[in-house]
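Here's the letter readout for the chains.
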Amino acid sequence: MTHPNLLRRGRSLATAAGITLLSMGSALPGLAQDSAPQRLTPAQEAQIFPERKALLVRHQRERIQTLQKSERCVSGAANSSALRRCLQQERQENQAQRQSLRESMREIYSRSGIDVPVGGPGAGRSGRGQGGN
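The shown structure was predicted, so the numbers you read here are calculated from the model rather than taken from an experiment.

(A) Summary view of the nonpolar core. Counting residues in each nonpolar core, the largest one holds 7 residues, listed as Ile48, Leu55, Leu101, Met105, Ile108, Tyr109 and Ile114. Ranked by the residues each element gives to this core, the list is headed by helix α3 (residues 80-111), at 4 residues. Leaving out residues up to four positions away in the same chain, Ile108 has contacts with Ile48, Glu51, Arg52 and Leu55.

Here is the structure:
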């Protein structure tokens, strides 16, 4: 049988831990803003525009090819496990394409002498914070 004092200590410890986590969480947004990417100047935007546009057109074509390939796979799937494999393959290809796009954008920024932005949309999810695409 558990002693009542132990239960009270456990509850108060959990309460203290919760308060500590809440107070730490309120300080984190201020820290995250320090690493927020700066907006590009109009001159920087003009400098990278041609390469960025060409990269995005290429990325869109790759996405279309992936969707067409996935459509063929799904249409030919004979059972649930085959369908699952199709969807898994599409997901893996999409992830690889996004990673390639991020790396290519970093190269464009670097070649142009522009600091590579860190963070961005989704930066807090799953520990991913580089690139933001």
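(B) Expanded view of the confidence of the model for the protein. In the predicted model, the protein carries a mean pLDDT of 78, and the fraction of residues at 70 or more is 61%. Looking over the protein, one finds the lowest element-wise mean pLDDT in helix α1 (residues 4-34), namely 52, and the highest in α3, namely 97. Residue range residues 128-133 is modelled with pLDDT below 50. Its contacts to residues more than four positions away, or to other chains, number 19 contacts.

(C) Seen up close, the state of the cysteines. One pass over the structure, following the stated rule, counts 1 disulfide. Between the sulfur atoms of Cys73 and its disulfide partner Cys86 the distance amounts to 1.9 Å. Across the S-S bond linking Cys73 and Cys86, the dihedral sits near -80°, which makes this disulfide left-handed. Of this pair, Cys73 sits in helix α2 (residues 42-76) while Cys86 is found in helix α3, placing the two residues 13 residues apart along the sequence. We classify Cys73 as partly exposed; its relative accessible area is 33%.

(D) Main features of α2. Taking 1.5 Å of rise per residue, the 35 residues of α2 would be expected to cover 51 Å, and the 49 Å separating its terminal C-alpha atoms lies within 8% of that figure. The sharpest bend along α2 measures roughly 50° and falls at Phe49, with the proline Pro50 sitting one to four residues further on. Within the sequence span of α2, burial applies to Ile48, Leu55, His59, Thr66 and Ser70. Summarising the contacts, the buried residues of α2 are in contact with α3.

(E) Examining the environment of Ile108 more closely. Along the chain, the position of Ile108 falls in helix α3. Among the residues examined, Ile108 registers a relative accessible area of 3% and is labelled buried. It is 6.9 Å that separates the C-alpha atoms of Ile108 and Ile48, two residues lying 60 residues apart in sequence.

Rules used in this analysis
- Residues numbered from 1 in each chain as written.
- Predicted model: local features only at pLDDT ≥ 70, side-chain atom pairs only at ≥ 80, totals over all residues.
- Heavy atoms only, no water.
- Core = buried A, V, L, I, M, F, W, Y, C linked by side-chain atoms within 4.5 Å.
- Buried < 20%, exposed > 50% of the residue type's maximum accessible area, 1.4 Å probe, protein only.
- Helix = DSSP H or I, 4+ residues; strand = E, 2+ residues; numbered from the N terminus.
- Contact = heavy atoms within 4.5 Å.
- pLDDT = per-residue confidence, 0-100.
- Disulfide = S-S within 2.5 Å.
- Expected span 1.5 Å × (residues − 1).
- Bend = angle between axes of the 7 residues up to and from the residue.

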